[in-house]
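Summary of the model geometry
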Amino acid sequence: MNQAARIPAVELSSRQLKANAHEALNDAQLRTNMRTAMDSLIAKRLAVMPEAEREPLRELGNHVRARALSKLPELLERLEARLTANGVQVHWAETVEEANAVVLDIARRRRARAVIKGKSMVSEEMEMNEALEAEGIESLESDMGEYIIQLDHEKPTHIIMPAIHKNARQVAKLFEQHLGEPYTEDVDELIQTGRRVLRKKFLDADIGVSGVNFAIAETGTLLLVENEGNGRMSTTVPPVHIAVTGIEKVVENLRDVVPLLSLLTRSALGQPITTYVNMISGPRKAEERDGPEEVHLVLLDNGRSQAFMDAELRQTLNCIRCGACMNHCPVYTRIGGRAYGTVYPGPIGAIISPHLVGLENAPDHPSASSLCGACGEVCPVKIPIPDILRRLREENVKPPAAASAHPLRGQGSKYSPGERSLWRMWVRLYTSPRLYRAFSFALTRLRRLTPARLGPWTLNHAPPRPASRSLHELAREHLDHDRRGADR
Amino acid sequence: MSARERILAKLRSGLAGSIPRPDDFEPAVVTEPWRYPDRAARIERLVELMSAVQTRFERTTRADWPTRVLDLLEARGIDRLLVATGMAHGARLAAHIEGLAKAPSLFAYDRPIEAWKSELFDSVPASLTTTRGAIAATGSLILWPSADEPRLMSLVPPLHIALLEASRIQDNLHEVIETEGWAAGMPTNALLISGPSKTADIEQVLAYGAHGPAELVVVLLEDA
Ligand code: SF4
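Residues and elements named next belong to chain A. The six strands lie next to each other as 1-10-7-4-2-3, forming an open sheet whose pairing is parallel. The open sheet has two edge strands with one neighbour each: strand 1 (89–93) and strand 3 (138–141). Neighbouring strand axes in the sheet, compared pairwise and without regard to direction, differ in orientation by 20° on average. By the bridge criterion, four bridges tie strand 2 (residues 114–117) to strand 3 in an arrangement that is parallel. Within strand 3, the position partnered with Lys 117 by the bridge is Glu 141. The sheet strands contacting helix 6 (residues 96–109) are strand 1, strand 4 (207–210), strand 7 (240–246) and strand 10 (294–300), and the helix crosses strand 10 at an angle near 165°.

Among the surface-exposed residues, Trp 423, Trp 426, Val 427 and Tyr 430 of chain A lie close enough to one another that they form a single nonpolar patch of about 450 Å² accessible area. Position of Val 427 of chain A relative to the elements: it lies in helix 21 (residues 417–431).

Quick look at the packing of aromatic side chains now. Residue and element names in this part refer to chain A. One pass over the structure, following the stated rule, counts eight aromatic pairs over all chains. When the centroid spacing of 5.9 Å and the interplanar angle of 75° are considered together, the rings of Trp 423 and Trp 426 count as edge-to-face. Taken as a pair, Trp 423 and Trp 426 lie in helix 21 at a separation of three residues, close to a single helical turn. Overall, the relative accessible area of 41% leaves Trp 426 in the partly exposed class. Positioned above the aromatic ring of Phe 308, the side-chain terminus of Arg 314 is 4.6 Å from the ring centre.

Moving on: the environment of Leu 203 of chain A. Position of Leu 203 of chain A relative to the elements: it lies in helix 11 (residues 187–204). On the basis of relative accessibility, which here comes to 18%, the residue Leu 203 of chain A falls in the buried class. Here the alpha-carbon distance between Leu 203 of chain A and Asn 318 of chain A, two residues 115 residues apart in the chain, equals 37 Å. Every residue in contact with Leu 203 of chain A, bar those within four places of it in the chain, is listed here: Lys 117, Ser 118 and Phe 121 of chain B.

The next subject is the domain arrangement of chain A. When its domains are assigned, chain A resolves into domain 1 (3–306) and domain 2 (423–487). On a C-alpha basis, the centres of domain 1 of chain A and domain 2 of chain A stand 55 Å from each other.

Here the focus is the confidence of the model for chain B. Of the residues in chain B, 100% have a pLDDT of 70 or more, and the chain-wide mean is 96. Reported confidences for the modelled complex are a pTM of 0.93 and an ipTM of 0.97.

Turning our eyes to something else, we now look at the pairing of strand 7 of chain A. All names here are of chain A. Across the seven residues of strand 7, seven count as buried, placing the element largely inside the fold. Along strand 7, one buried face is formed by Val 240, Ile 242, Val 244 and Gly 246 and the opposite face, lined by His 241, Ala 243 and Thr 245, is buried too. Direction of pairing for strand 4 relative to strand 7: parallel, over a ladder of four bridges. Considered in strand 7, the bridge of Ser 210 is made with Ala 243.

The environment of the ligand is formed by Cys 319, Ile 320, Arg 321, Cys 322, Gly 323, Cys 325, Ile 348, Cys 379, Pro 380, Val 381, Ile 383 and Ile 385 of chain A. Taken together, the residues of the shell around the ligand sort by class into ten nonpolar, one polar and one charged.

Once that is clear, we can look at unusual backbone geometry. Residue and element names in this part refer to chain A. At Arg 321, a residue that is not glycine, the phi angle is positive and equals roughly 55°. Within the fold, Arg 321 resides in the loop between helix 15 (311–314) and helix 16 (324–327). According to the relative accessible area criterion, Arg 321 is buried, its value standing at 10%. Positive phi values are uncommon outside glycine, yet Lys 382 reaches one of about 55°. Tracing the sequence through the fold places Lys 382 in the loop between helix 19 (374–378) and helix 20 (385–397).

The next thing to look at is the sheet that holds strand 7 (residues 159–165) of chain B. Residues and elements named next belong to chain B. Pairing in this open sheet of six strands is parallel, and the strands run 1-12-7-4-2-3 from one edge to the other. Of all strands in the sheet, those with a lone pairing partner are strand 1 (55–60) and strand 3 (105–107), marking the two edges. Going across the sheet, the axis of each strand differs from the next one's by a mean of 25°, ignoring polarity. Relative to strand 12 (residues 215–221), strand 1 is paired through six bridges, and the arrangement is parallel. Bridged to Thr 60 within strand 12 is Leu 221. Sheet strands touched by helix 4 (residues 65–75): strand 1, strand 2 (80–83), strand 4 (126–130), strand 7 and strand 12. Its angle to strand 7, the strand with the most contacts, is close to 165°.

A few words on the interface of chain B and chain A. Between chain B and chain A, the residue contacts involve 78 residues of the former and 97 residues of the latter. Between chain B and chain A, roughly 7,600 Å² of surface is buried when both sides are summed, and carbon and sulfur atoms account for 60% of that area. Summed over the shared surface of chain B and chain A, the result is six salt bridges. The salt bridge partner of Asp 23 of chain B is Arg 67 of chain A, with a shortest N-O separation of 3.3 Å. The tally of links from chain B across to chain A stands at 43 residue pairs in polar contact (both at pLDDT 80 or more).

Here the focus is the environment of Leu 190 of chain A. Its location among the elements puts Leu 190 of chain A in helix 11. Residue class for Leu 190 of chain A comes out buried when judged on its relative accessible area of 2%. Measuring from C-alpha to C-alpha, the distance between Leu 190 of chain A and Phe 175 of chain A comes to 7.9 Å, with 15 residues separating the pair along the chain. If near-sequence neighbours (up to four positions away) are discounted, Leu 190 of chain A is found in contact with Ala 168, Val 171, Ala 172, Phe 175, Thr 184 and Glu 185 of chain A together with Ile 202 of chain B.

Residues and elements named next belong to chain A. Contact geometry for helix 4 (residues 51–70) and helix 13 (residues 257–269): axes closest at 9 Å, N-to-C directions at 120°. The orientation of helix 4 relative to helix 13 falls into the category oblique. Regarding helix 4 and helix 13, the two cross each other, and that crossing is left-handed. For the pair helix 4 and helix 13, the contacting residues are Glu 53, Leu 57, Arg 58, Leu 60, Gly 61, Val 64 and Arg 65 in the first and Pro 259, Leu 260, Ser 262, Leu 263 and Arg 266 in the second.

It is worth spelling out the side chain of Arg 314 of chain A at this point. Relative to the helices and strands, Arg 314 of chain A is located in helix 15. Asp 310 of chain A is the oppositely charged side chain nearest to the buried, salt-bridge-free Arg 314 of chain A, at an N-O distance of 7.3 Å. Of note is the side chain of Arg 314 of chain A, whose polar atom sits 2.8 Å from the backbone oxygen of Phe 308 of chain A. A distance of 3.0 Å separates the side chain of Arg 314 of chain A from the backbone oxygen of Gly 14 of chain B, its partner in a polar contact. Residues in contact with Arg 314 of chain A, not counting those within four places in the same chain, are Leu 69, Ala 307, Phe 308 and Met 309 of chain A together with Gly 14 and Leu 15 of chain B.

Our focus in this paragraph is the state of the cysteines. Covalently bonding the sulfur atom of one cysteine to the sulfur atom of another cysteine gives a disulfide. All names here are of chain A. In the structure shown here, the tally under the stated rule is zero disulfides over all chains. In this model Cys 375 remains outside any disulfide bridge; the closest cysteine sulfur is found in Cys 372, 6.3 Å from its own. The exposure class assigned to Cys 375 is buried, which follows from its relative accessible area of 8%.

This brings us to the packing of helix 4 of chain B against helix 5 (residues 88–97) of chain B. Residues and elements named next belong to chain B. Where helix 4 contacts helix 5, the two axes come as close as 10 Å, and the packing angle between them is 75°. Of the possible angle classes, the one that applies to helix 4 and helix 5 is roughly perpendicular. Residue-level inspection shows Trp 65, Pro 66, Thr 67 and Leu 70 of helix 4 in contact with helix 5, the latter providing His 89, Arg 92, Leu 93, His 96 and Ile 97. Class assignment of the residues belonging to the contact of helix 4 with helix 5 gives a composition of five nonpolar, three polar and one charged.

What counts and how
Residues numbered from 1 in each chain as written. Chains lettered and ligands numbered in written order. Predicted model: local features only at pLDDT ≥ 70, side-chain atom pairs only at ≥ 80, totals over all residues. Heavy atoms only, no water. Pairing = 2+ DSSP bridges. Helix = DSSP H or I, 4+ residues; strand = E, 2+ residues; numbered from the N terminus. Axes fitted to C-alpha atoms, helices over the stretch in contact; angles between N-to-C directions. Contact = heavy atoms within 4.5 Å. Patch = residues over 30% accessible without salt bridge, like charges linked within 9 Å, V, L, I, M, F, W, Y side chains within 5 Å. Areas by Shrake-Rupley, 256 points an atom, 1.4 Å probe, with all protein chains shown as cover. Salt bridge = Lys/Arg side-chain N within 4 Å of Asp/Glu carboxyl O. Phe/Tyr/Trp six-rings, centres within 6.5 Å; stacked < 30°, edge-to-face > 60°. Buried < 20%, exposed > 50% of the residue type's maximum accessible area, 1.4 Å probe, protein only. Lys NZ or Arg CZ within 6 Å of the ring centre and 35° of its normal. Domains from an automatic or database assignment. pLDDT = per-residue confidence, 0-100. Near = heavy atom within 4 Å. Nonpolar A, V, L, I, M, F, W, Y, C, P; charged D, E, K, R; others polar. Buried area = accessible area lost by both parts, 1.4 Å probe. Polar contact = N/O pair within 3.5 Å; in protein donor to acceptor, adjacent residues only side chain to side chain. Parallel < 35°, antiparallel > 145°, perpendicular 65-115°, else oblique. Left-handed = near helix turned anticlockwise from the far one by under 90°. Lys, Arg positive; Asp, Glu negative; His and termini not counted. Disulfide = S-S within 2.5 Å.

This is the structure:
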């Protein structure tokens, strides 16, 4: 088993984003795989989203999400009441431990031995597979991409396309090695192998687990989108269905999902819609012949309420997890998802992870951006990602003890008294004309003392050397010259 | 305090002093770009979008559809069809094959899944279901599985044949939800199906027949 390649627990590697990035940048295969994939996703999105349709829709999507968040507690209660009336059992969890305990409780009561999972990023947050396996319960991913990376003991590197970093050759080797299949790089054959293996598992599973794309308060409905059919299998074949989701996923009315659905599938995959839109409003009724006997919904906080406390950061929770910000991010495209070391990579990962794991455990995430603005521009629900990145950078260099209205876990983890006094000096310099003049005089006259090496900059560039005279001096001279000319 | 109470209390304190946003939902944004002048245009759009993702269309009539269904089964060498024989369309098909020398055997999903799980998974080559309608804007069939046509009928067999009456095609999802009053009562499971099952999880190469049907045929009754 390829244990070395497994992404270690979140807390460990997320602190080493820089080191991870360095390693990723030197992986030519990864860079080719990522570049090709992202280019194609970008082109597909563009092809199905003409601007005239897109912008009013983004505006509406943003309003729908903002309205839902502006009455979140009330909507969660309404959702719970409707679902309960429909026969669904609703559970609340503040932490991933609590959420896993809920799942394990159900599994024990049902004497479950095997769990089959549809794609769910929240279950990745929970590390549910590990929690179940620790209890001797098999927990198998059924989304093709998730299945592939689970075989390789990896974590998803993209929230929509978990195995995007692998090519067919790598998958072929994996199937040959783990499933004893004859080696083939033919994608159709590889998918048929996955289908065959997993069909058996759907039959035998005691519990099906899924995520939720939208939870509709008005009707008590869980809406799931997918292309493969594994989500429908997982939520229909086993006798128990457990859906896990974040507390922010609720929308007020059924019609609210119309714009969001359209934005989601087009932003994510460039598809007008996914193959399946699966709306679940309850367990099997007495007269029905399939569907689960029990349906559970686990509502997980896991730090989301921290983002909720601050009006600016709250917008992070608008996210509908389309992945477009990642696809368009120059940093993500170059370093891939694994380097982030968090469940959510890319721009959305950089703004949500600090709430999930604490800023001290994702100190460099807000800085892993060139602030080019692409993420904010493509985000279908108009999250001002660059502004939030800047805000988090600021929060992370505040003195840790500084009082703030809505403290963030781990804030100030990059605070450095030395750096802070340096910036204070900088401020003094730039606010006092006398000091500034003296400083620029010294800098221009001592220009030859500029060091020849300045970290990574000078690997590819000439060292920056101040000009022999400052712009001020030149301007003044110019003015004097003009005046003399005028006097003459 | 329970987790529920703690979460709700925290969220409420985060909202202290703010007022809920008004509902300014503008239906035109999700309807106007997706309007089609007439039935022909709706059919055209539906066929175009669904064909682009490898859905096959049999354009036929109320009189002819049983023959078409038998033809397409025969072309694939399929001799068993899962169909709700208790519903009108199932009875119609059963009547049609009566007396034919060579015809597929029809059988219904008349037991709970537990009673025949492995048979359903391993030895049902094709199913035929009705649809509630379709959506031109996105190229989607609408299915509300029922006791006669349970959820797995449209998912497990490798070939899914869907009967669609052309008059049931609407412009867009918003229109469907509003005109049919979905918000007033959702079934346990409502589905939009927009093609055969597919995946692009390996190198973004599109492969059909991931976990659900590898083939979807829409039998479109143009005079219904
Ligand atoms: S932040 Fe916006 S672009 Fe990124 S995944 Fe969420 S909704 Fe999509």
